[in-house]
Amino acid sequence: MPSIAKPAATHPSLQRNQLGLTIRDYEGSMSTLCAGCGHDSITAAIVRALWEVSMHPHMLAKMSGIGCSSKTPAYFVNGAHGFNSAHGRMPPIATGASAANRGLTYIGISGDGDSLSIGLGHMCHAIRRNVKMVYLIENNGVYGLTKGQFSASADVGSKSKRGEPNQTLPIDPVMLALSIGATFVARSFSGDKEQLVPILKAAIAHRGFALIDIISPCVTFNDHSGSTKSYLYTRQHEIKATEADFVPPEKPILAAISPSGITAVTMHDGSILHFRSVPANYDPTDRKRVTDYLLAQQSKGEIVTGLLFVDESVGDLHEVNQAPDMPLVHVPHSKLCPGSSELERLQQEFR
Amino acid sequence: MRTGVNDFALKLANVNGTGSASANGLLMQAIFRMGIPVSGKNLFPSNIQGLPTWYEIRVNKDGYTARALDYDLMVAMNAQTYAQDIREVRSGGYAMYDSSWPLDRSLAREDIHFLPVPLAQLCNEHFRDPRERILMKNIAYAGALVAALEIDMAIVEELLAERFSGKKAMRESNRQALRLGYEYAEQNFNCPLPFRLEKMDANDGKILIDGNTATALGCLYAGATVAAWYPITPATSVMDAFRQFCAKYRRDKETGRNNYLIIQAEDELAAIGMVIGACWNGARAFTSTSGPGISLMNELLGLAYYSEIPAVVIDVQRVGPSTGMPTRTQQADLMECAYASHGDTKHILLLPANPAECFDFAVKSFDLAEKFQTPVIMLSDLDIGMNDWVAPRLTWDDSYQPDRGRVLSAEDLERTPKFYRYSDEDENHVAPRSLAGVHEKGAYVTRGSGHNKLGGYTETPSEYQQVVDRLAKKQKSAANYVPLPKIARRAEARFGVITIGGCEPAVEEALDILAEREIPADYLRIRGFPFHKSIEAFLYEHEFCFVVEQNRDAQLRSLLILETCVPKDRVRSVLAYGGFPLSAKNVVDGILHQLEK
Ligand SMILES: Cc1ncc(C[n+]2csc(CCOP(=O)(O)OP(=O)(O)O)c2C)c(N)n1
Ligand code: SF4
Ligand SMILES: [Mg+2]
């Protein structure tokens, strides 16, 4: 942390974070998505969150599958490696990358087609393994890149641009994740940066797999009346379950104060997460009650947003496998190879 | 007909799940320790308990240990298959069976000798526990064979002592059962039989090992840290062995932490994805699988090829298509692996013939994958992978340095004015890569979508072509780095015989047999793909060549025709693809039949 306080900046883009970087240092190349696409707003929130947590750009790895959403890693943090991989296969690729180098921060960007159809199994297993990563589903109810087919998150009755209603039951990533033991589950809206930025910051601090389902309207194929993933519909049906406030580890004094009506959760890295729950008695650390509440609201047609559930007690992939603190990729070959005399000795058994 | 010392074939017919594997392995191991060239082939069903299973042992003082097709001695322990098993005994041979129950008269044969041993009866008299009674029948027939073949009893006892060290009761039961069979045979038969064993010293400096264990050791020594897999016969034991070796050698004594991470993936698509992710980050990572898994990995193999990410895949081949015969051997994934994935893709293949090569080539796979920044597939098979082979002792050169290929350090990147992922190619057409977490200047987006030589997104024809043309040249360069073919020439050779992998012992024996009949032929075994130029030269040197391989469609022959300029009519096929390891007879008959035409 710099010891000299920076002069207060008048223009926000000139403000510097702890690394002395401005928000511009977290930007990427120009987006090629449609003007007004929800995905671009999410990119902006990511840029903001990474800047605020003072992420070293080169210590970030941006992973994605295929889709309009999966193109977005190119649009933030030019100084970070990215991997725009194959449709639905980002979770295993990110899992392998993490296995090799636990020293990086992984952010996975996916779409509802990528994660809920072709890659559904992979996402579930990444959740089960509690791979330490931020995992975003930029959820628009359609396959944007292949021109507007319904995805597995399309609600029954939701109408396509041509007016046909979807008749197949949707997969709700939030309920799914809760049911298979996810340790961090959030839902947000691309149009609500205020809500999304603290959730992203908390997700980065989370001990394991952090799932954020973000309603992200596709202006080209799914923003018409009759769609349940449009800007208008989401604004009309959204209710906020929690308001999260993220306190980084450097400010422990603030975090110690816990006014009534606020739940404080200490994250793995020592940071503190404050939840202001909007409905009374909402406890984001109680999986059963969260599930019950979400089911109840869902039946009323409401879209519950906020940081919905968090559990910091479960070890991630590395902890479960007793991997060393040093990333495996840095362990020298001399430590990995038992050498010729051991080979000689071992072969005494092969006779 | 074989008589005399150290030259016979023995087949044991059992029911799987009854504990026979342990007794059969004991016999094979004892013969190995007697210093005699030997092979053991397990012909087992895709089943856990109750179906027929066979184990074949061939002993040959001259070192011919490919599968024999006629048996001097059958140990018929499975009533379900008596008829077939007894039929397979060569005329003048022997059949040992459990005479606790009378043998059906219809099975009698005038031209063979029967060796009845009341195994169940003997074991029921001497053991109380019902499970022990079943298990010990196996050890009892092993005892009878020790007497009949003059296997060194001291060695067998030593093996039992090693196996059951710390389990005194078990060791005692085994010794007792062994003695029961031994004494019964001594008292009732004319021991030894006309064919028998005599100690030699042919196995000095040799070990008994299966290919999958050797492969796992190769991965361990190469420094693989991440492994991902999905269980499949016959590849499972690669990862089982790797896990065991890692538990032994990779656990940090001070911290108790593991310098490895093995992930049982949700499927093979995930397994290869994990390997690619780990290699993208600079680790040495591998997966082991079989044909069905390779099919599932196709999409991501193309991604790794096009975006130039190393990956090591061990394919232990089995009989396809589909589930096929999962416990039987074949070499039928060759074409699939050579060109795995959609679009223009070509991979580096390594083709070991035995466990010693599995060890060496596994190490080589990592070096080549990183050097050429591309997937390398090592094609073993069930016969090599799961059967115990007598192999030369594995050796390791402590001066080995892993070839990590062109990877830029933080200092390199600092000095570079601007880094572009796919530019600055070397003489092998490889461009340097940068790893995440090293330096901001190395950052770029890896993508399977069209990219130009600077790594930027492109849909421009010339820019796209420039990159894939370099990839083709890069793959071609690898021909100079894969293991060279093994070539053996004979004076006055009339034609050449080309083969791969585990066909080698059968083909070498066949060529000796043909040479004795004054039909000398030259030999070449391909050990890597892309083909080294010496392979094309060999093809042109001969008026024609036979290609011996274990698949229906002559895949190696097709690959030779596609990847060299040799005319089709100069390359003929000898094929065996029923699922059992090749025998010299298959090769001799196949060649003679075509020469007569
Ligand atoms: C194996 C495979 N099948 C199909 C496709 C075609 N494809 C590309 S993107 C896509 C759907 C993307 O939908 P989603 O993940 O929701 O992303 P969005 O574009 O909506 O952001 C499909 C089907 C592909 N790239 N790969
Ligand atoms: S098609 Fe839809 S999802 Fe794709 S960029 Fe356009 S608005 Fe966004
Ligand atoms: Mg979508």
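Since we're looking at a predicted model, the values are computed, not measured.

### Section: the overall build of chain A
Reasoning step 1: Helix and strand content of chain A: 13 helices and 13 strands.
Reasoning step 2: Radius of gyration (C-alpha) of chain A: 21 Å, near the 20 Å computed for a compact globule of 351 residues.
Reasoning step 3: Each principal axis of the C-alpha atoms in chain A carries an extent, and together these give about 75 × 60 × 45 Å.
Reasoning step 4: Considering chain A as a whole, with its 351 residues, one finds that 56% of them fall into the buried category.
Reasoning step 5: Approximately 14,200 Å² of chain A is accessible, and the part contributed by carbon and sulfur atoms is 55%.
Reasoning step 6: On chain A, the mean spot of the 31 positive side-chain charges and the mean spot of the 31 negative ones are 3 Å from each other.

### Points about the coordination of the magnesium ion (ligand 3)
Reasoning step 1: Within the protein, the magnesium ion (ligand 3) binds to Asp112(A) (OD), Asn140(A) (OD1) and Val142(A) (O); these donor distances fall in the range 2.1 to 2.2 Å.
Reasoning step 2: Judged by its relative accessible area of 2%, Asp112(A) is buried.

### Structural notes on the site of ligand 1
Reasoning step 1: Ligand 1 sits among 18 residues. The nearest are Cys68(A), Ser69(A), Asp112(A), Gly113(A) and Asp114(A).
Reasoning step 2: Neighbouring residues of ligand 1 are distributed over chains A and B.
Reasoning step 3: In the model, an oxygen atom of ligand 1 is placed 3.1 Å from a nitrogen or oxygen of the Asn140(A) side chain.
Reasoning step 4: Here ligand 1 has 590 Å² of accessible area as a free molecule, and 77% of this is covered by the chains.
Reasoning step 5: Those elements giving two or more residues to the shell around ligand 1 turn out to be α2 (68-71), α4 (112-118) and β5 (142-143) of chain A.
Reasoning step 6: Ranked by the residues each element gives to the shell around ligand 1, the list is headed by α4(A), at four residues.

### Examining the sheet that holds strand β20 (residues 521-526) of chain B
Residues and elements named next belong to chain B.
Reasoning step 1: With respect to topology, five strands assemble into an open sheet ordered β18-β20-β19-β22-β23, the strand pairing being mixed. Since the sheet does not close on itself, it has two edges, and those belong to β18 (486-488) and β23 (571-575), each with one partner. Direction aside, the axes of adjacent strands within the sheet are offset by 20° on average.
Reasoning step 2: The sheet contacts of helix α17 (residues 533-541) involve β18, β19 (495-500), β20, β22 (545-549) and β23, and relative to β20 the element is tilted by about 155°.
Reasoning step 3: Together, β19, β20, β22 and β23 form the strand contacts of helix α18 (residues 555-563), whose direction differs from that of β22 by roughly 135°.

### Observations concerning the site of ligand 2
Reasoning step 1: Around ligand 2 sit Leu33(A), Cys34(A), Cys37(A), His39(A), Cys68(A), Asn140(A), Cys218(A), Val219(A), Thr220(A) and Phe221(A), and those are all the residues in its vicinity.
Reasoning step 2: Taken together, the residues of the shell around ligand 2 sort by class into seven nonpolar, three polar and no charged.

### Regarding the interface of chain A and chain B
One frequent convention defines the size of an interface as the accessible area lost when the parts assemble.
Reasoning step 1: Contact residues are listed per partner, giving 60 residues for chain A and 69 residues for chain B.
Reasoning step 2: Interface area for chain A against chain B, summed over the two sides, is near 5,100 Å², with a carbon-plus-sulfur share of 61%.
Reasoning step 3: It is His81(A), Phe350(A) and Arg351(A) that lose the most area in chain A upon contact with chain B, and together they represent 15% of the buried surface on that side.
Reasoning step 4: Connecting chain A to chain B are six salt bridges.
Reasoning step 5: Between Glu349(A) and Lys248(B) there is a salt bridge; the shortest N-O distance is 3.6 Å.
Reasoning step 6: The tally of links from chain A across to chain B stands at 26 residue pairs in polar contact (both at pLDDT 80 or more).

### Re the pattern of salt bridges
Residues and elements named next belong to chain B.
Reasoning step 1: If you walk through the whole model with that rule in mind, you get 51 salt bridges over all chains.
Reasoning step 2: For Glu-541, the salt bridge goes to Arg-489, with nearest N and O atoms at 2.4 Å. Of this pair, Glu-541 sits in helix α17 while Arg-489 sits in the loop between β18 and β19, and the two are 52 residues apart along the sequence.
Reasoning step 3: With relative accessibility at 46%, the residue Glu-541 sits in the partly exposed group.
Reasoning step 4: Overall, Arg-489 belongs to the partly exposed group, its relative accessible area being 48%.
Reasoning step 5: Through salt bridges with shared partners, a single ionic network connects Glu-357, Lys-486, Glu-504, Glu-508, Arg-525 and Arg-527.

### Describing the domain arrangement of chain B
Residues and elements named next belong to chain B.
Reasoning step 1: One can read the domain layout of chain B as domain 1 (4-196), domain 2 (209-392), domain 3 (410-480) and domain 4 (486-596).
Reasoning step 2: On the side of domain 4, eleven residues touch domain 1, which itself brings seven residues to the contact.
Reasoning step 3: Interface of domain 1 and domain 4: buried area, both sides summed, is about 800 Å²; carbon and sulfur atoms make up 67% of it.
Reasoning step 4: Where domain 1 packs against domain 4, one counts one salt bridge.
Reasoning step 5: Arg-58 is the partner of Glu-509 in a salt bridge, and the nearest nitrogen-oxygen pair spans 2.9 Å.
Reasoning step 6: Where domain 1 meets domain 4, there are two residue pairs in polar contact (both at pLDDT 80 or more).
Reasoning step 7: Split by residue class, the side of domain 1 that touches domain 4 holds four nonpolar, no polar and three charged.

### Side note on the nonpolar core
Reasoning step 1: Grouped together as the largest cluster of nonpolar side chains are 97 residues, with contacts concentrated most on Met63(A), Leu294(A), Leu349(B), Ile498(B), Ile526(B), Leu556(B) and Leu560(B).
Reasoning step 2: The greatest single-element share of this core, amounting to nine residues, is contributed by helix α9 (residues 268-280) of chain B.
Reasoning step 3: Each residue touching Leu294(A), except ones within four places of it in the same chain, is listed here: Val174(A), Met175(A), Leu178(A), Val304(A) and Leu308(A).

### Concerning the packing of helix α3 (residues 119-126) of chain B against helix α4 (residues 130-149) of chain B
Residue and element names in this part refer to chain B.
Reasoning step 1: Where α3 contacts α4, the two axes come as close as 9 Å, and the packing angle between them is 120°. The angle between the axes of α3 and α4 places the two elements in the oblique class. Crossing of α3 over α4 shows right-handed handedness. Residues Leu-119, Ala-120, Cys-123 and Asn-124 of α3 touch α4, and the partners they reach there are Arg-133, Met-136, Lys-137, Ala-140 and Tyr-141.
Reasoning step 2: Within the contact of α3 with α4, the residues separate by chemical class into six nonpolar, one polar and two charged.

### Focus on the sheet that holds strand β11 (residues 261-264) of chain B
Residue and element names in this part refer to chain B.
Reasoning step 1: Read across the open sheet, the seven strands follow the order β11-β10-β12-β13-β15-β14-β21; overall the sheet is mixed. The sheet is open, and its two borders are formed by β11 and β21 (528-529), each paired with just one other strand.
Reasoning step 2: Taken together, the four bridges between strand β10 (residues 226-229) and β11 define a ladder with parallel strand orientation. Note on β11: the bridge partner recorded for Val-226 is Leu-261.

### Some details on the environment of Leu368(B)
All names here are of chain B.
Reasoning step 1: Residue placement: Leu-368 occurs in helix α12 (residues 355-372).
Reasoning step 2: The spacing of Leu-368 and Pro-402 is 34 residues in sequence and 9.9 Å in space, taken between C-alpha atoms.
Reasoning step 3: For Leu-368, the residues in contact, after removing those within four places along its chain, are Ile-348, Leu-350, Gln-373, Val-376, Tyr-481 and Val-482.

### Topic: the packing of aromatic side chains
Reasoning step 1: With the rule as written, the count across this model stands at 22 aromatic pairs over all chains.
Reasoning step 2: Ring centres of Tyr282(A) and Tyr293(A) lie 5.2 Å apart, and the angle between their planes is 75°; on these two criteria the pair is classed as edge-to-face. Of this pair, Tyr282(A) sits in the loop between β12 (272-277) and α10 (287-299) while Tyr293(A) sits in helix α10, and the two are eleven residues apart along the sequence.
Reasoning step 3: A centroid spacing of 5.8 Å and a plane angle of 75° characterise the contact between Tyr94(B) and Phe195(B), whose relative ring orientation is edge-to-face. Highlighted residues: Tyr94(B) in strand β6 (residues 89-98) and Phe195(B) in strand β8 (residues 195-196), separated in sequence by 101 residues. Across the pair, exposure class does not vary: Tyr94(B) and Phe195(B) are buried alike.
Reasoning step 4: The positively charged end of Lys62(A) is found above the aromatic ring belonging to Phe76(A), 5.6 Å away from the centroid.
Reasoning step 5: For the cation-ring pair, Lys41(B) lies above Trp389(B), with the distance from its terminal atom to the ring centre recorded as 4.2 Å.

### Quick notes on the environment of His113(B)
Residues and elements named next belong to chain B.
Reasoning step 1: Considering the arrangement of structural elements, one finds His-113 in strand β7 (residues 113-117).
Reasoning step 2: Along the primary structure His-113 and Leu-73 are separated by 40 residues, whereas in three dimensions their C-alpha atoms are 9.3 Å apart.
Reasoning step 3: For His-113, the residues in contact, after removing those within four places along its chain, are Gly-92, Gly-93, Tyr-94 and Ala-95.

### Digging into the pairing of strand β9 (residues 206-210) of chain B
All names here are of chain B.
Reasoning step 1: Of all the five residues making up β9, four are buried; the element is thus mostly covered by neighbouring parts of the structure.
Reasoning step 2: As defined by bridge partners, β9 adjoins strand β16 (residues 388-392) across five bridges and the pair is classed as antiparallel. Following the sheet pairing, Ile-209 is matched in β16 by Trp-389.

### A few points about the state of the cysteines
All names here are of chain B.
Reasoning step 1: Taken as a whole and judged by the stated rule, the model has zero disulfides over all chains.
Reasoning step 2: Here Cys-246 is not cross-linked by a disulfide; its sulfur's nearest cysteine counterpart is in Cys-219, at 9.3 Å.
Reasoning step 3: Judged by its relative accessible area of 0%, Cys-246 is buried.

Calculation criteria
Residues numbered from 1 in each chain as written. Chains lettered and ligands numbered in written order. Predicted model: local features only at pLDDT ≥ 70, side-chain atom pairs only at ≥ 80, totals over all residues. Heavy atoms only, no water. Helix = DSSP H or I, 4+ residues; strand = E, 2+ residues; numbered from the N terminus. Rg over C-alpha atoms; globule rule 2.2 N^0.38 Å. Buried < 20%, exposed > 50% of the residue type's maximum accessible area, 1.4 Å probe, protein only. Areas by Shrake-Rupley, 256 points an atom, 1.4 Å probe, with all protein chains shown as cover. Lys, Arg positive; Asp, Glu negative; His and termini not counted. Charge placed at Lys NZ, Arg CZ, Asp CG, Glu CD. Donors = N, O, S within 2.8 Å, 3.2 Å for Na, K, Ca; no water. Near = heavy atom within 4 Å. Polar contact = N/O pair within 3.5 Å; in protein donor to acceptor, adjacent residues only side chain to side chain. Pairing = 2+ DSSP bridges. Axes fitted to C-alpha atoms, helices over the stretch in contact; angles between N-to-C directions. Contact = heavy atoms within 4.5 Å. Nonpolar A, V, L, I, M, F, W, Y, C, P; charged D, E, K, R; others polar. Buried area = accessible area lost by both parts, 1.4 Å probe. Salt bridge = Lys/Arg side-chain N within 4 Å of Asp/Glu carboxyl O. Domains from an automatic or database assignment. Core = buried A, V, L, I, M, F, W, Y, C linked by side-chain atoms within 4.5 Å. Parallel < 35°, antiparallel > 145°, perpendicular 65-115°, else oblique. Left-handed = near helix turned anticlockwise from the far one by under 90°. Phe/Tyr/Trp six-rings, centres within 6.5 Å; stacked < 30°, edge-to-face > 60°. Lys NZ or Arg CZ within 6 Å of the ring centre and 35° of its normal. Disulfide = S-S within 2.5 Å.

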